[in-house]
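In case you want the letters, here they are:
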Amino acid sequence: MFEGAELVTEHVASPIGTVVLQHDGRELHRLDFADRPPVADVGAARSAFAVAVVAYFEGEIDALQDLPAVTGGTEFETTVWHTLRQIPAGHTWSYKALAEAIGKPKAVRA
């Protein structure tokens with residue numbers, strides 16, 4: 001996934017639990033939810049990634065749209081992740097639409 005990059009872990013309180021972010025300062029490597037209650041906001045300086053998560057939960061639905069992220073996976077999986085990120089915030093696509101968008105209309109179940 002990464003070589004030599006030191007990852008920073010941040011915990012961001014949200015209305016639905018603690019969001020755990022891991023990034024190297026340039027790209028997001030992990031966004032997940034912790035299995036515990038939200039942590040208190042300590043008011044420390046936050047990364048652009050943490051600021052975007054807070055903004056998202058404050059109603060800026062497209063705040064996460066353009067964050068650089070490392071997706072990993074096979075070439076096919078990377079293509080799918082990249083294409084999924086092209087779906088505008090607040091919109092949905094069917095599996096069929098996604099398969100067609102990546103040029104593999106028979107990959108609906110993949």
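Look up: the structure comes first, before these words.
Description of the structure in this document. Remember, predicted model here, so these are calculated numbers, not experimental data. (Residues numbered from 1 in each chain as written. Predicted model: local features only at pLDDT ≥ 70, side-chain atom pairs only at ≥ 80, totals over all residues. Heavy atoms only, no water.)

Focus: the pattern of salt bridges
Now for step 1: Under the criterion given, the structure shown has 2 salt bridges.
Now for step 2: Close ionic contact of Asp24 with Arg26 constitutes a salt bridge, the shortest N to O distance being 3.4 Å.
Now for step 3: Given a relative accessible area of 14%, Asp24 falls into the buried group.
Now for step 4: The partner of Arg30 in a salt bridge is Asp32, with the nearest N and O atoms 3.3 Å apart.
Now for step 5: A relative accessible area of 33% means that Asp32 is categorised as partly exposed. (Salt bridge = Lys/Arg side-chain N within 4 Å of Asp/Glu carboxyl O. Buried < 20%, exposed > 50% of the residue type's maximum accessible area, 1.4 Å probe, protein only.)

Quick word on the environment of Arg26
Now for step 1: Looking at the element boundaries, Arg26 is found in the loop between strand 2 (17–23) and strand 3 (28–33).
Now for step 2: Counting along the chain gives 43 residues from Arg26 to Ala69, while the straight-line C-alpha distance between them is 8.3 Å.
Now for step 3: When residues no more than four places from it in sequence are discounted, the contact partners of Arg26 are Phe49 and Pro68. (Helix = DSSP H or I, 4+ residues; strand = E, 2+ residues; numbered from the N terminus. Contact = heavy atoms within 4.5 Å.)

Description of the packing of aromatic side chains
Now for step 1: Going through the model one piece at a time under the given rule, you end up with 1 aromatic pair.
Now for step 2: Arranged with centres 5.3 Å apart and planes meeting at 85°, the rings of Tyr56 and Phe57 form a pair that is edge-to-face.
Now for step 3: We classify Phe57 as partly exposed; its relative accessible area is 29%. (Phe/Tyr/Trp six-rings, centres within 6.5 Å; stacked < 30°, edge-to-face > 60°.)

Description of the sheet that holds strand 2
Now for step 1: Taking strand neighbours across the sheet as the criterion, the 3 strands line up as 1-2-3 in an open arrangement whose pairing is antiparallel. Pairing within the sheet leaves two strands with one partner each, and these edge strands are strand 1 (8–14) and strand 3. Averaged over all pairs of adjacent strands, the angle between strand axes in this sheet comes to 20°, irrespective of strand direction.
Now for step 2: Taken together, the 5 bridges between strand 2 and strand 3 define a ladder with antiparallel strand orientation. (Pairing = 2+ DSSP bridges. Axes fitted to C-alpha atoms, helices over the stretch in contact; angles between N-to-C directions.)

Details of the nonpolar core
Soluble globular proteins: nonpolar side chains tend toward being buried together.
Now for step 1: In this structure, Val12, Val19, Leu21, Leu28, Phe49, Ala50, Ala52, Val53 and Leu67 together form the largest nonpolar core, which totals 9 residues.
Now for step 2: The leading source of residues in this core is helix 1 (residues 48–57), at 4 residues. (Core = buried A, V, L, I, M, F, W, Y, C linked by side-chain atoms within 4.5 Å.)

Quick look at the pairing of strand 2
Now for step 1: Buried residues dominate strand 2, accounting for 6 of its 7 residues.
Now for step 2: Taken together, strand 1 and the strand that follows it, strand 2, pair antiparallel across an intervening segment of 2 residues.

Structural notes on helix 1
Now for step 1: For helix 1, the complete set of buried residues consists of Phe49, Ala50, Ala52, Val53 and Ala55.
Now for step 2: On its buried side, helix 1 packs onto strand 1, strand 2 and strand 3.
Now for step 3: Residue Gly59 follows helix 1 closely and has a positive phi angle near 110°.

A closer look at a nonpolar patch on the surface
Now for step 1: Together, Ile16, Leu31 and Phe33 make up an exposed nonpolar region whose accessible area comes to about 290 Å².
Now for step 2: Turning to its location among the elements, Phe33 is positioned in strand 3.
Now for step 3: Relative accessible area serves as the criterion here: at 38%, Phe33 is assigned to the partly exposed category. (Patch = residues over 30% accessible without salt bridge, like charges linked within 9 Å, V, L, I, M, F, W, Y side chains within 5 Å. Areas by Shrake-Rupley, 256 points an atom, 1.4 Å probe, with all protein chains shown as cover.)

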